[in-house]
Amino acid sequence: MGLLDKIFGKTKESQDMSNVKLAVVFYSMGGTNYEMAKWAAEGAKESGADVKVLKVEELAPQSVIDENEAWKATVEATKDVPVATSDDIEWADAIIFSVPTRFGNLPAQMKQFLDTQGGLWASGKTVNKVVSGMSSAQNPHGGQEATLLSLYTSMMHWGAIIAAPGYSDPVIFGAGGNPYGTSVTVDQEGNMVEDVEGAVKHQAKRTVNIAQSVKNGNQ
């Protein structure tokens with residue numbers, strides 16, 4: 001460690017960590033997964049990563065959105081969030097996806113985004129991306145785990161490295177204990193039932209740490 005590093009408290013580890021580029025890609029209808037995406041970004045930044053928070057393109061007609069106040073409010077709240085593109089996937093060393101469940105599967109908006117990455121996949125540019133997933137539903141057995149497994153199936157085809165949280169920290173148990181990825185139950189008023197902020201941030205930090213190890217191994 002050099003003199004300036006000692007003065008300003010910077011270590012080689014923190015300098016290396018800043019090299020990890022993380023894309024947090026979400027779809028949110030009621031705001032839950034947007035909030036989780038922001039928590040993930042905060043956790044990753046605490047680990048020194050460069051972070052982009054990105055939404056996937058909305059497919060529902062505006063007339064349908066306007067009939068649902070929570071959906072309408074989320075669209076308004078996220079209007080300035082950039083829409084994810086293939087360039088963002090290529091840029092990233094790691095990707096965290098956050099989605100609500102749809103009958104135990106990915107929402108169409110996220111599925112379409114993944115399905116349009118064929119060009120990157122064919123050129124080998126999805127290989128060794130470190131990926132992790134988060135989800136939500138309106139009841140504890142509403143398909144969160146199945147949704148994450150569906151996501152991870154696509155990631156296996158990408159040749160990505162799946163960084164599931166497992167039971168790598170006690171905070172995971174307090175958030176419901178989902179080893180596949182942080183998931184949360186949302187009540188009828190749109191409130192999160194479990195306190196998952198700590199688990200989300202742990203998952204983000206773990207993803208960044210694994211991505212750093214992969215990145216260092218490839219250098």
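Naming follows an unreviewed UniProt entry, where the protein chain appears as NAD(P)H dehydrogenase (Quinone) of Alkalibacillus haloalkaliphilus. Under Sequence similarities (unreviewed entry), UniProt gives the following word-for-word description of the protein chain: "Belongs to the WrbA family."

Participant: Pulling in residues and values, what's your account of the side chain of Thr-74?
Facilitator: The topology assignment puts Thr-74 in helix H5 (residues 69–77). Taking relative accessible area as the criterion, Thr-74 reaches 6% and is therefore assigned buried. What Thr-74 contacts, discounting residues up to four positions off in sequence, is Ser-28, Met-29, Gly-30 and Gly-31.

Participant: Describe helix H11 (residues 197–218), and please don't skip the residues or the numbers.
Facilitator: With 22 residues, H11 extends 32 Å between its outermost C-alpha atoms, agreeing within 8% with the 32 Å of an ideal straight helix rising 1.5 Å per residue. Those residues of H11 lying buried are Ala-199, Val-200, Lys-201, His-202, Gln-203, Ala-204, Thr-207, Val-208, Ala-211, Gln-212 and Val-214.

Participant: Would you mind going over the environment of Gln-62 in detail, with residue names and values included?
Facilitator: Assignment of secondary structure puts Gln-62 in helix H4 (residues 62–65). Counting along the chain gives 62 residues from Gln-62 to Gly-124, while the straight-line C-alpha distance between them is 36 Å.

Participant: Give me the lowdown on the environment of Pro-100, citing residues and values where you can.
Facilitator: Positionally, Pro-100 belongs in strand S3 (residues 94–100). For Pro-100, a relative accessible area of 8% translates into the label buried. Separated by 35 residues in the primary sequence, Pro-100 and Ser-135 place their C-alpha atoms 5.2 Å from one another. Look past the residues within four positions of Pro-100 in its chain and what remains in contact with it is Tyr-27, Asn-33, Asn-105, Pro-107, Ser-135, Ser-136 and Thr-147.

Participant: Can you lay out the pairing of strand S1 (residues 21–26) for me, pointing to particular residues and giving the numbers?
Facilitator: The buried fraction of S1 amounts to 5 of the 6 residues, a majority that puts the element mostly inside the structure. Once the chain exits S1 it traverses helix H3 (residues 32–46) before rejoining the sheet at strand S2 (residues 50–55), and the crossover so formed is right-handed. Note: S1 against S3, 5 bridges, orientation parallel. For Phe-26, the partnering residue across the bridge sits in S3 and is Ser-98.

Participant: Describe the pairing of S2, and please don't skip the residues or the numbers.
Facilitator: Summarising the sheet, S1 and S2 pair through 6 bridges and their orientation is parallel. The residue bridging Val-25 from the neighbouring strand is Leu-54, located in S2.

Participant: Go over the packing of aromatic side chains with me, naming the residues and quoting the values.
Facilitator: For the structure on display, the rule yields 3 aromatic pairs. Its end group placed over the ring of Tyr-34, Lys-38 keeps NZ or CZ at 4.3 Å from the ring centre.

Participant: Go over the pattern of salt bridges with me, naming the residues and quoting the values.
Facilitator: For the structure on display, the rule yields 9 salt bridges. Asp-88 is paired through a salt bridge with Lys-52; the nearest N and O atoms lie 3.1 Å apart. With Asp-88 in helix H6 (residues 86–91) and Lys-52 in strand S2, the pair connects residues that are 36 residues apart, well separated along the chain. Note that Asp-115 and Lys-111 form a salt bridge whose closest N and O atoms lie 3.0 Å from each other. Here the residue Asp-115 and the residue Lys-111 both occupy positions in helix H7 (residues 108–115), the gap between them amounting to 4 residues, near one helical turn. Assessed through its relative accessible area of 34%, Lys-111 is described here as partly exposed. Beyond isolated ion pairs, a larger network of salt bridges with shared partners links Glu-42, Glu-197 and Lys-201.

Reading the values: rules and limits
- Residues numbered from 1 in each chain as written.
- Predicted model: local features only at pLDDT ≥ 70, side-chain atom pairs only at ≥ 80, totals over all residues.
- Heavy atoms only, no water.
- UniProt positions renumbered as here; feature names shortened; annotations may be inferred.
- Helix = DSSP H or I, 4+ residues; strand = E, 2+ residues; numbered from the N terminus.
- Buried < 20%, exposed > 50% of the residue type's maximum accessible area, 1.4 Å probe, protein only.
- Contact = heavy atoms within 4.5 Å.
- Expected span 1.5 Å × (residues − 1).
- Right-handed = clockwise from strand over helix to strand, strands pointing away.
- Pairing = 2+ DSSP bridges.
- Phe/Tyr/Trp six-rings, centres within 6.5 Å; stacked < 30°, edge-to-face > 60°.
- Lys NZ or Arg CZ within 6 Å of the ring centre and 35° of its normal.
- Salt bridge = Lys/Arg side-chain N within 4 Å of Asp/Glu carboxyl O.

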